[in-house]
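Spelled out, the chains give:
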Amino acid sequence: MKNALLFGLVALLFLGTGLFQSWNVALSIFNMALISAILALGVNMQWGFAGLFNIGIMGFVALGGLAAVLVSMPTTTEAWTAGGPRVLLSLVFGALTVVGAILIRTRMAPGRLRTILFLSFLIGGFILYRALFDPARDAIEAVNPAATGYLGGLNNWGEDYRDYGWMTLVAWPVGALLAAGAAWVVGKTALGLRSDYLAIATLGISEIVIAILKNEDWMSRGVKNVIGLPRPVPYEIDLQQSETFVERANALGFDAVTASSLWIKLNYTFLFAVILIILLIGAQRALKSPWGRMMRAIRDNETAAEAMGKDVTRRHLQIFVLGSAICGLAGAMMTTLDGQLTPSSYQPLRFTFLIWVMVIVGGSGNNWGAILGGFLIWWLWIQVEPLGALLMEFLTWPLPEDSALKAHLLDSVQHMRLLTMGVILLLVLRFSPRGLIPER
Amino acid sequence: MVDILNAIVALTNFVIIPATAYGAQLALGALGVTLIYGILRFSNFAHGDTMAFGAMVTILFTWWFQSMGISLGPLPTALLALPLGIIFTSGLLLATDRVVYRFYRQQKAKPVILVIVSMGVMFVLNGLVRFIIGPNDQRFADGERFIISARDFKEWSGLREGLAFKTSQGLTIVVAFICVIALFWFLNRTRTGKSMRAFSDNEDLALLSGINPERVVMVTWLIVAALATVAGVLYGLDKSYKPFTYFQLLLPIFASAVVGGLGSPLGAIGGGFVIAFSEVTITYAFKKVLTYLMPEQLEPDGLVQLLSTDYKFAVSFAILVIVLLFKPTGLFKGQSI
Amino acid sequence: MRLAAQEVGKKKMAEPYLIGDAMTGGYGSGADILHGCTIAVEKGQIAVIVGPNGAGKSTAMKAVFGMLNVREGAVRLAGEDITALTPQARVAKGMAFVPQTQNIFTSLTVEENLEMGAFLRRDDITETMEQVYGLFPILRDKRRQPAGELSGGQRQQVAVGRALMTKPSILMLDEPTAGVSPIVMDELFDRIIEVARTGISILMVEQNAKQALDIADIGYVLVQGRNAHTGTGEELINDAEVRRTFLGG
């Protein structure tokens, strides 16, 4: 009952936005809120179910975004001929070097010989890798750097690539897989260590992922950004030129431009909502299954669970990979919605810590709570700025028009959101530490 | 022979001096993290933003002093404003402890809860700093820019390579040195310092000995405020002041503290230099140095840079992971605070 | 020889220096572990608490020291009711407690450990420190070493020394000989007798019942949180039932 009321309240927030601002704004906040809810679900799995402290969400989201580019963008044929195979070869070689080094470490008896062999294998491998890789990279990046300069994606339909928007949908699970792979590597190394160490390790990996996206131009165009990702939904222009669409829009009392924009947003809403519902059902079933109960048992008392013969590290790895995969999926969806990949836009406060606020405020350990938190906090995150501006206008009203203080205060309103989020998080932790919809 | 000298100068100029200054900054930051970990027993994610706050207050006072024409001659005016920055940061941290952390201490909350709480504090501080000074780069360095400028050095030595030693670098090293000496003197020689070490070592026994935990915590926050402000100001003088970079410093700072062994002040210092030297060495293009050392036909044609500068996080991270895997207690185990 | 707790109290003419009188209680709000248990020690005497595992020996001592909730009964020191005081406040009243484990600051030097023991004192502590070094000469040689580097027996000496630094009137020891060799144990007991001779009351919990009762002025045998037998050390050693149940014949 209380929960329904809470969801009703959040629905009112969105309806209010639609009525008082515009439906376009309301829908765009809602779409991102859907993605945020999915992210919160993923993090809730890790933290709420298993007590894993992951603050590298941003990295997994960015990997999802990368997947969207790698799958849906048109292939740069010229770049592939210039160095594609060689880059792949060198990457395989690099991976083999690492595998070989690990084998040396695990298979050989400890001793000076092993250390020397291990190090020289790694260093030699690295030098060879760079020798293989560097010329190929330079060749790729030299191909029409203003427009491409990267390998492009798998969308091999040339000029018509925009007609193959379904490729973008394919990218979503690929994003999940990519994130899962990264999570597996992180988990293998950092799980089983103390919780702060996992936190620092995930923080580190996320910064590295962003550094890679910013620097490996051959793969992601780096800070030159990839724009114009093909859409799984129609384009405004096409709709506005379609007579049937314009007719229908007019019949409903909309002008064609607004209608097309709304319709496309609704398409996204539908897609995202379907995914969210599927994930919610899955997460609910997982939570109630023996597997979910075991997870929570492990979370509540690791030692006891271990004594009962549960393979705690393995279970943790499982759920860590799963939760991260969901973050990757959400990341791919986000990039699809934006239609572009801009590595410099990935900020940890927005992509990692904000998600944490959602999970904690919503209620960790409860899927409905995570979703509620996703919707509520995302709405706040967007709306705090205009609300703060109104508040500031009101507060600075007695000040003269040309006051420097007034100008500064009004100018700084955009930073209110960080402050607000921090205060909300602290208040919830203090007075309602189990969140709005507590775990049952 | 001259070539070797040139190579040494180039190496000193581009690797050793910057890495030493950076290492000192990291060490000061890591000391703060490690003290909080040792006494309050959680990883404080708000530390980067505490540094940003301390530096911000110092900058505001520096500007004020500059506008009044007060200066320290060749030294940056910021040094004069530094004590004020420390006082304000102390006030902020004590207030935060009173309003936020103390409640969880009394609840005996799990460390991970405190970490999440510190995330909330991080948000608030981050917002506060951006609100007051804005998210952009701020300049506040003044005074003499160089102790030794590259031009003077070339004229003096007749070498092709110049050696520049910035005032901010010299200042960083000297101030960090003084801070570390003072901190160790305090921890090892004073009653309060010893009681802090005792509290960190064995909380229950410290209570049995009549050590007042609230006082220990208060002193810890005061020291952390001083260390964080000094580290923040030195970093700002040496590089530039931008709130976001302080948040990003969190990773190398944590890496330093963990690599040295969380809770060990000596380790924090060692860790700071390990991380700084690795970061700078691995991201430095050695072409110049090698050109002097190698015979002409072997001269490298690439930059001989192991990783691009933007991967410096990867370096701290890699070292962190390696240490965690092979020596989870850190390189300098033994004495915790 | 089976005496109920109350009778022990009545038989004495004056109240003992320190008495935990008919204590009932447990940790936090958990179940009661002690049931009307009475522990007392006279000035300058040695009282020993023995009993089988899980009898509540350590718990009884912690109750006297204020580390758990005493729901019924009282703790009195020199006639003053101290039941409501925190452990720290009891330290200020002259009670010193040596926990069974983690009873030293491992990363601090021996001398710093002693200094921390005297943290509450504002007067000159050198004299007390000399007394501790007199009692445990080996500690003087090792005073600049981190206490964590010492052997098990030496660590216990540091622990006792730290407790003595407050100039207590009561020294409470929780299994001081746990994990040390028999020779070290004998030595430690000798020192404890020496401490008692200076007028400090000793209350200790011991696993090595026979040796401990040998030096005890009074012994308490606890079973399941209740006083089972009480008497002088000698009486208990000679008590057939006590011998049969846990002195091993």
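Residues numbered from 1 in each chain as written. Chains lettered and ligands numbered in written order. Predicted model: local features only at pLDDT ≥ 70, side-chain atom pairs only at ≥ 80, totals over all residues. Heavy atoms only, no water.

### Describing the overall build of chain A
When its secondary structure is counted, chain A shows 18 helices and 2 strands. The C-alpha radius of gyration computed for chain A amounts to 24 Å, which stays within 12% of the reference 22 Å derived for 440 residues, consistent with globular compactness. Partitioning the contacts of chain A with sequence separation of at least 6, the portion at a separation of at least 24 is 81%. Chain A carries 31 positive and 27 negative side-chain charges, and their two centres are separated by 15 Å. (Helix = DSSP H or I, 4+ residues; strand = E, 2+ residues; numbered from the N terminus. Rg over C-alpha atoms; globule rule 2.2 N^0.38 Å. Contact = heavy atoms within 4.5 Å. Lys, Arg positive; Asp, Glu negative; His and termini not counted. Charge placed at Lys NZ, Arg CZ, Asp CG, Glu CD.)

### Some thoughts on the sheet that holds strand 3 (residues 46-50) of chain C
Hydrogen bonds between backbone atoms are what pair the strands of a sheet, whose relative direction is either parallel or antiparallel. Residue and element names in this part refer to chain C. The 6 strands are arranged 6-7-8-3-9-10 in an open sheet whose pairing can be described as mixed. Each edge of the open sheet is held by one strand with a lone partner, namely strand 6 (95-98) and strand 10 (226-231). Neighbour-to-neighbour, the strand axes of the sheet open up by a mean angle of 15 degrees, direction not taken into account. Sheet analysis places strand 9 (residues 218-223) next to strand 10, joined by 5 bridges and oriented antiparallel. Pairing of Gly219 across the sheet is with Gly231, part of strand 10. Contacting strand 6 and strand 7 (170-174), helix 7 (residues 152-164) crosses the sheet at an angle of about 165 degrees to strand 6. Set on the sheet, helix 8 (residues 182-197) makes contact with strand 3, strand 7 and strand 8 (201-205); between it and strand 8 the angle comes to about 145 degrees. (Pairing = 2+ DSSP bridges. Axes fitted to C-alpha atoms, helices over the stretch in contact; angles between N-to-C directions.)

### Points about a negative patch on the surface
Residue and element names in this part refer to chain A. Judged by side-chain charge, Glu159, Asp160, Asp163 and Asp238 come together as a negatively charged surface patch. With respect to the helices and strands, Asp163 occurs in the loop between helix 5 (112-142) and helix 6 (166-190). What makes Asp163 exposed here is its relative accessible area of 60%. (Patch = residues over 30% accessible without salt bridge, like charges linked within 9 Å, V, L, I, M, F, W, Y side chains within 5 Å. Areas by Shrake-Rupley, 256 points an atom, 1.4 Å probe, with all protein chains shown as cover. Salt bridge = Lys/Arg side-chain N within 4 Å of Asp/Glu carboxyl O. Buried < 20%, exposed > 50% of the residue type's maximum accessible area, 1.4 Å probe, protein only.)

### Considerations on the interface of chain B and chain C
Across the boundary between the two partners, chain B contributes 18 residues, which contact 23 residues of chain C. The three residues of chain B that bury the most area against chain C are Arg191, Leu205 and Leu208 of chain B, which together make up 37% of that side's buried surface. Here chain B and chain C share 2 salt bridges between them. The residue Glu115 of chain C makes a salt bridge to Lys194 of chain B at a minimum N-O spacing of 2.6 Å. Elements with a contribution of two residues or more to the side of chain B that touches chain C: helix 7 (191-201) and helix 8 (203-208) of chain B. Here the element with the most residues in the side of chain B that touches chain C is helix 7 of chain B; it accounts for 6 residues. (Buried area = accessible area lost by both parts, 1.4 Å probe.)

### Points about unusual backbone geometry
Residues other than glycine predominantly adopt negative phi, and peptide bonds predominantly adopt the trans conformation. All names here are of chain C. Even without being a glycine, Gln102 presents a positive backbone phi close to 45 degrees. For Gln102, the location among the structural elements is in the loop between strand 6 and helix 4 (110-117). By relative accessible area, which is 62% here, Gln102 ends up exposed. The backbone phi angle of Lys167 is positive, close to 50 degrees, even though this residue is not glycine. Checked against the element boundaries, Lys167 lands in the loop between helix 7 and strand 7.

### Considering the sheet that holds strand 2 (residues 34-41) of chain C
Residue and element names in this part refer to chain C. Judged by pairing direction, the sheet is antiparallel, and its 4 strands sit side by side in the order 2-1-4-5 without closing on themselves. The strands lining the two open edges of the sheet, one partner per strand, are strand 2 and strand 5 (80-81). When strand 4 (residues 69-77) meets strand 5, the two strands line up antiparallel, connected through 2 bridges. Residue pairing in the sheet places Leu77 in a bridge with Glu80 of strand 5.

### Things to note about the pairing of strand 10 of chain C
Counting buried residues in strand 10 of chain C gives 5 out of 6 residues, a clear majority hidden from the surface. Between strand 9 of chain C and strand 10 of chain C, which follow one another and run antiparallel, lie 2 residues, and Gln224 of chain C among them has a positive phi close to 50 degrees.

### Comments concerning the domain arrangement of chain A
All names here are of chain A. The domain architecture assigned to chain A consists of domain 1 (2-75 + 152-431) and domain 2 (76-151). Taken residue by residue, the interface counts 14 residues in domain 1 and 16 residues in domain 2. Overall, the association of domain 1 and domain 2 removes approximately 1000 Å² of surface from exposure, summing both partners, and the carbon and sulfur fraction of that is 54%. Interface area lost by domain 1 to domain 2 is led by Thr75, Trp218 and Arg221, which between them contribute 62%. The interface formed by domain 1 and domain 2 contains 9 residue pairs in polar contact (both at pLDDT 80 or more). The element that contributes the greatest number of residues to the side of domain 1 that touches domain 2 is helix 8 (residues 217-220), accounting for 4 residues. Looking at the side of domain 1 that touches domain 2, its residues break down into 6 nonpolar, 4 polar and 4 charged. (Domains from an automatic or database assignment. Polar contact = N/O pair within 3.5 Å; in protein donor to acceptor, adjacent residues only side chain to side chain. Nonpolar A, V, L, I, M, F, W, Y, C, P; charged D, E, K, R; others polar.)

### Here's the deal with the pattern of salt bridges
A complete count under the given rule lists 24 salt bridges over all chains for this structure. For Glu385 of chain A, the salt bridge goes to Arg417 of chain A, with nearest N and O atoms at 3.5 Å. Note that Glu385 of chain A is positioned in helix 16 (residues 367-395) and Arg417 of chain A in helix 18 (residues 416-431), a separation of 32 residues in sequence. Between Asp97 of chain B and Arg105 of chain B there is a salt bridge; the shortest N-O distance is 2.9 Å. Residue classification places Asp97 of chain B among the buried positions, given a relative accessible area of 7%. Here the salt bridges share partners, and the residues they tie into one network are Arg296, Arg299, Asp300 and Glu439 of chain A.

### Concerning the packing of aromatic side chains
A full pass over the atoms with the stated rule returns 31 aromatic pairs over all chains. When the ring of Phe103 of chain B is compared with that of Tyr104 of chain B, the centres are 5.0 Å apart and the planes differ by 85 degrees; the resulting orientation is edge-to-face. Given the relative accessible area of 23%, Phe103 of chain B is considered partly exposed. Among the residues examined, Tyr104 of chain B registers a relative accessible area of 5% and is labelled buried. The ring of Phe118 of chain A has Arg105 of chain A sitting right over it, with the charged end atom 5.5 Å from the ring centre. Across from the ring centre of Phe103 of chain B, 4.0 Å away, lies the NZ or CZ of Arg430 of chain A, which sits over that ring. (Phe/Tyr/Trp six-rings, centres within 6.5 Å; stacked < 30°, edge-to-face > 60°. Lys NZ or Arg CZ within 6 Å of the ring centre and 35° of its normal.)

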